[in-house]
Amino acid sequence: MSKDKVHINNFLGCYKSEEFIKLIIAWAGDLRGKRMLKTDLREEAYGEDEILFSLSNNDFLSYGVDKNIETVKAATAIMKKRNLEKNIYMTADIREIPFKDKVFDLIVSSSTLDHFREEKDFTKSLVELKRVLKNDGIMIITINNQCNLIFYFFAKLEQLFGLVDYPIKFYTLKRIRRLLDKIGLVIYSDDRIVSIINPLNSVLILMRRLKVADSLINVFAKGIVKLAKLLDKQRGIKIFTSWFIAIKCIKKTNEITFCS
């Protein structure tokens, strides 16, 4: 794994992965015999916040796509080292997914849609994801939480000073609901997950690049995770401390009405 491309501290990455896995299992249920698509492979390629590797113990087929061929190669290399034969990774843009209609039981989009510059690309991707999702399938989406004002403020500063070379967008649940409803997707459940004040992760990555002692970094990181887990239990403030808005979507039908 390239140290230059590591995007999250190991301890924070493991915590983030655990939270995503818990959410997927709670919302998607038994995955045996099903087919899953993940919309990018950055976590699997460059961090401890992977999802597909941990889920691959289940008897199901998992696909991952990413538009960056180097990311696909890096994720594939790690996947092969772990002997995960049921994982299939390929280069593709989620605005034009190379699959037939209605082939996936589950789609997981982990903070992919919030990295488009234009809202039309967000919408186009959702249309494509809806197309390849089975009628009774589940789509789980996580999006940067605009109500986490500290994360929002520091991300904007990073963009202003050119510290990140990709767009970072933030959303409220109301805005996401509007975008989903426009293309015929209904929010079945929603939550706020991963209570990490994101700039702290950037501090940890910077400390590593400055060659600060690993022991000191690890103490700091463990403290952040401990704080994050405490914040996860505080329902009243989770909306302001969580990194992501998480939503479970289903296709809109005329026969059944779902509560959001």
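Since the structure is predicted, the reported quantities are computational estimates derived from the model, not experimental observations. (Residues numbered from 1 in each chain as written. Predicted model: local features only at pLDDT ≥ 70, side-chain atom pairs only at ≥ 80, totals over all residues. Heavy atoms only, no water.)

(A) Examining the pattern of salt bridges more closely. Taken as a whole and judged by the stated rule, the model has 18 salt bridges. Salt-bridge contacts for Lys134 lead to Asp105; the nearest nitrogen and oxygen are separated by 3.1 Å. Of the two residues, Lys134 sits in strand β5 (residues 133–144) while Asp105 sits in strand β4 (residues 104–110), which places them 29 residues apart along the sequence. Judged by relative accessible area, which is 28%, Lys134 ranks as partly exposed. Arg208 is the partner of Asp214 in a salt bridge, and the nearest nitrogen-oxygen pair spans 3.7 Å. Residue classification places Arg208 among the partly exposed positions, given a relative accessible area of 45%. Among the charged side chains, a salt-bridge network with shared partners connects Lys16, Lys38, Asp40, Glu43, Glu44 and Asp49. (Salt bridge = Lys/Arg side-chain N within 4 Å of Asp/Glu carboxyl O. Helix = DSSP H or I, 4+ residues; strand = E, 2+ residues; numbered from the N terminus. Buried < 20%, exposed > 50% of the residue type's maximum accessible area, 1.4 Å probe, protein only.)

(B) Inspection of the nonpolar core at higher detail. In terms of nonpolar packing, the biggest core is built from 47 residues, with Leu12, Ile24, Leu55, Tyr89, Leu106, Val194 and Ile196 touching the most fellow members. Ranked by residues supplied to this core, first place goes to helix α1 (residues 10–28) with eight residues. Other than its neighbours up to four places away in sequence, Leu106 contacts Ile24, Ala28, Leu31, Arg35, Met36, Leu37, Leu133, Ile138 and Ile140. (Core = buried A, V, L, I, M, F, W, Y, C linked by side-chain atoms within 4.5 Å. Contact = heavy atoms within 4.5 Å.)

(C) Fine view of helix α5 (residues 119–132). Here α5 spans 20 Å end to end across 14 residues, near enough to the 20 Å set by a 1.5 Å rise per residue. When we look at burial in α5, the residues that qualify are Asp121, Phe122, Thr123, Ser125, Leu126, Glu128, Leu129 and Val132. Turning to α5, the residues buried within the fold contact β1 (35–38), β4, β5, α7 (173–183) and β6 (185–193). (Expected span 1.5 Å × (residues − 1).)

(D) Fine view of the side chain of Ser56. On the secondary structure map, Ser56 appears in the loop between α3 (52–55) and β2 (61–66). Take Ser56: its relative accessible area is 13%, and that puts it in the buried class. With sequence-adjacent residues up to four places away left out, Ser56 is seen in contact with Ser62, Leu84 and Asn87.

(E) Main features of the sheet that holds strand β3 (residues 87–91). The seven strands are arranged β3-β2-β1-β4-β5-β7-β6 in an open sheet whose pairing can be described as mixed. Strands with a single pairing partner mark the edges of an open sheet, and in this sheet they are β3 and β6. When strand polarity is set aside, the average angle formed by the axes of neighbouring strands in this sheet is 15 degrees. (Pairing = 2+ DSSP bridges. Axes fitted to C-alpha atoms, helices over the stretch in contact; angles between N-to-C directions.)

(F) Quick look at the packing of aromatic side chains. A complete count under the given rule lists ten aromatic pairs for this structure. On the basis of an interplanar angle of 85 degrees and a centroid distance of 5.6 Å, the ring pair of Tyr63 and Phe99 is categorised as edge-to-face. Of the two residues, Tyr63 is situated in strand β2 and Phe99 in the loop between β3 and β4; the sequence distance between them amounts to 36 residues. Both residues of the pair, Tyr63 and Phe99, count as buried. For the ring pair Phe151 and Trp243, a centre distance of 5.9 Å and an interplane angle of 85 degrees mean the geometry is edge-to-face. With a gap of 92 residues between them, Phe151 in helix α6 (residues 149–160) and Trp243 in the loop between α10 (238–241) and β7 (244–251) connect regions that are remote in the sequence. Here Phe151 matches Trp243 in class, with each residue buried. The rings of Phe20, Phe151, Tyr152, Phe170, Trp243 and Phe244 are connected pair by pair, giving a single aromatic cluster. Lying across the ring of Trp243, Lys16 places its NZ or CZ 5.2 Å from the centre. (Phe/Tyr/Trp six-rings, centres within 6.5 Å; stacked < 30°, edge-to-face > 60°. Lys NZ or Arg CZ within 6 Å of the ring centre and 35° of its normal.)

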